[in-house]
Amino acid sequence: MTVPLSILDLATIGKGQTVAESLAGSVAMAQKAEELGYRRVWYAEHHNMSAIASSATSVLIAHVAAHTNSIRLGAGGIMLPNHSPLTIAEQFGTLETLHPGRIDLGLGRAPGSDQNTMRALRRDHMSADSFPQDVLELQGYLTGPTRIQGVEATPGKGTNVPLYILGSSLFGAQLAARLGLPYAFASHFAPAALRDAVAIYHRDFKPSEQLSEPYVIAGVNVTAADTNAEAQAIHLAVKRARVALFFGGGREFTDDEADMVLDSPQGQHIAQMMKFSAVGTPDVVREYLDEFAKHADADELIVAHQSVGTQERLRSVELVAEVAGLVPA
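In short, a report on the structure. (Residues numbered from 1 in each chain as written. Predicted model: local features only at pLDDT ≥ 70, side-chain atom pairs only at ≥ 80, totals over all residues. Heavy atoms only, no water.)

## Observations regarding the pattern of salt bridges
Two side chains carrying opposite charge are able to pair once their charged atoms lie near each other.
Next, step 1: Tallied over the full model, the rule gives 14 salt bridges.
Next, step 2: The salt bridge involving Glu-318 is made with Lys-32; its shortest N-O contact spans 3.0 Å. You can see Glu-318 sitting in helix 12 (residues 310-324) and its partner Lys-32 sitting in helix 1 (residues 19-36), a full 286 residues away along the chain.
Next, step 3: Given the relative accessible area of 22%, Glu-318 is considered partly exposed.
Next, step 4: Take Lys-32: its relative accessible area is 18%, and that puts it in the buried class. (Salt bridge = Lys/Arg side-chain N within 4 Å of Asp/Glu carboxyl O. Helix = DSSP H or I, 4+ residues; strand = E, 2+ residues; numbered from the N terminus. Buried < 20%, exposed > 50% of the residue type's maximum accessible area, 1.4 Å probe, protein only.)

## A few points about the nonpolar core
Next, step 1: Core analysis: the biggest nonpolar cluster contains 87 residues, and Tyr-38, Leu-105 and Leu-301 have the highest contact counts within it.
Next, step 2: The contact partners of Tyr-38, leaving out residues within four places of it in the chain, are Leu-5, Ser-6, Ile-7, Ala-33, Ile-71, His-305, Ser-316, Val-317, Val-320, Ala-321 and Leu-326.
Next, step 3: One finds Val-243, Phe-253, Ile-270 and Met-274 within the second-largest nonpolar core, a separate group that totals nine residues. (Core = buried A, V, L, I, M, F, W, Y, C linked by side-chain atoms within 4.5 Å. Contact = heavy atoms within 4.5 Å.)

## Looking at unusual backbone geometry
Next, step 1: Geometrically, the link from Gly-76 to Gly-77 is a cis peptide bond, its omega value of 0 degrees lying close to zero.
Next, step 2: As for its position among the elements, Gly-77 is in strand 3 (residues 72-79).
Next, step 3: The omega angle of the peptide bond from Gly-144 to Pro-145 is -10 degrees, so this bond is cis rather than trans.
Next, step 4: Mapped onto the fold, Pro-145 is located in the loop between helix 5 (131-143) and strand 5 (163-167).
Next, step 5: Of note in this structure, Asn-48 is not a glycine but carries a positive phi near 55 degrees.
Next, step 6: The topology assignment puts Asn-48 in the loop between strand 2 (40-43) and helix 2 (57-66).

## Overview of the environment of His-295
Next, step 1: Take His-295: it is sitting in helix 11 (residues 282-296).
Next, step 2: In this structure, the C-alpha to C-alpha distance between His-295 and Ala-20, residues 275 residues apart in sequence, is 38 Å.
Next, step 3: Setting aside anything within four residues of it in sequence, one finds His-295 in contact with Leu-194, Arg-195 and Phe-276.

## Quick word on helix 1
Next, step 1: For helix 1, built from 18 residues, the straight-helix expectation of 26 Å at 1.5 Å per residue is met to within 8% by its first-to-last C-alpha distance of 26 Å.
Next, step 2: Listed as buried for helix 1 are Ser-22, Gly-25, Ser-26, Val-27, Met-29, Ala-30, Lys-32, Ala-33, Glu-34 and Leu-36.
Next, step 3: Backbone geometry just after helix 1 places Gly-37 at a positive phi near 105 degrees. (Expected span 1.5 Å × (residues − 1).)

## Some remarks on the packing of aromatic side chains
Next, step 1: Scanning the entire structure with this criterion turns up five aromatic pairs.
Next, step 2: In textbook terms, an aromatic cluster arises when at least three aromatic residues are bridged by ring pairs, as seen for Tyr-183, Phe-185, Tyr-201 and Phe-205.
Next, step 3: Its guanidinium or amino end placed over the ring of Phe-171, Arg-109 lies 3.8 Å from that ring's centre, counting from NZ or CZ. (Phe/Tyr/Trp six-rings, centres within 6.5 Å; stacked < 30°, edge-to-face > 60°. Lys NZ or Arg CZ within 6 Å of the ring centre and 35° of its normal.)

## Looking at the packing of helix 11 against helix 12
Each pair of packed helices can be described by the angle between their axes along with the distance between the axes.
Next, step 1: Put simply, helix 11 and helix 12 touch, their axes get as near as 9 Å, and they point 65 degrees apart. Our classification of the angle between helix 11 and helix 12 gives roughly perpendicular. Seen from above, helix 11 lies across helix 12 with right-handed handedness. Between helix 11 and helix 12, the residues in contact are Pro-282, Asp-283, Val-285, Arg-286 and Leu-289 and Leu-319, Val-320 and Val-323, respectively. (Axes fitted to C-alpha atoms, helices over the stretch in contact; angles between N-to-C directions. Parallel < 35°, antiparallel > 145°, perpendicular 65-115°, else oblique. Left-handed = near helix turned anticlockwise from the far one by under 90°.)

## Observations regarding the side chain of Ser-6
Next, step 1: Here Ser-6 lies in strand 1 (residues 5-9).
Next, step 2: Among the polar contacts listed, one links the side chain of Ser-6 to the side chain of Glu-300, at a separation of 2.5 Å. (Polar contact = N/O pair within 3.5 Å; in protein donor to acceptor, adjacent residues only side chain to side chain.)

Listed below in structure tokens is the structure:
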């Protein structure tokens, strides 16, 4: 591969799987990623989603960090309007203090949930409007000087945890460029604005103390398997699982019912979300990732290994590392 590879672990709870089994799978994935030479593993903050176990993102990072030795770990991302900047500075300052040089903090402004859950989080519907100011306040707690007189983050102050701006629209690109921060685009589920957002980020980027040149991370889905038929079957199972996640309302779908939804206009939304997906044998996946990195003008790819089972996901992690020429630890 011409660019580094990282992993976005969605901490998926598969059909018939417990939350504990999902979290154990996240530990196994990070250990495998560390062994094989991936650059980092990130976890996303989602709430009220029965198939995703990464809602307490900083707690999950701490657990995985305690079971690994060197790989970078972080949030991809923390939905900052759900929290006070001071709280996040203290959490990630603690993580960096316990695991020096290993912690990343990606920041997004979406709820990571539906409207009812947003209210349950005690989040104001206008809170996203202050996202740029909240990022600066958080940065002050971690790097100094504080922007709130007399308030310091302990732990946090002086830890210099690197910040990343996450986005799926032009807003995040503009903010990351203005603040001189790395930019991670969520093209693994929101592909439409990728090229425009990256172009704006490069055009408007202003160097900062953290970053002298633009740095783009692009998300991409991957399902690698030993045979093309196996990869395609896993990919179909992932899409069927998304039917239940997005349209189920708590009910289960048979495979035939899920396929009918996938063939409907509503189901085409799932296909569009997963537009950037590398599915197949390792050589096919590598060729796709090389082309996607050029298409996205990316400095790094963050891969969401898509599968409904932990073992299939771990096998995908292995196959991609082998064919991409990653250097084992």
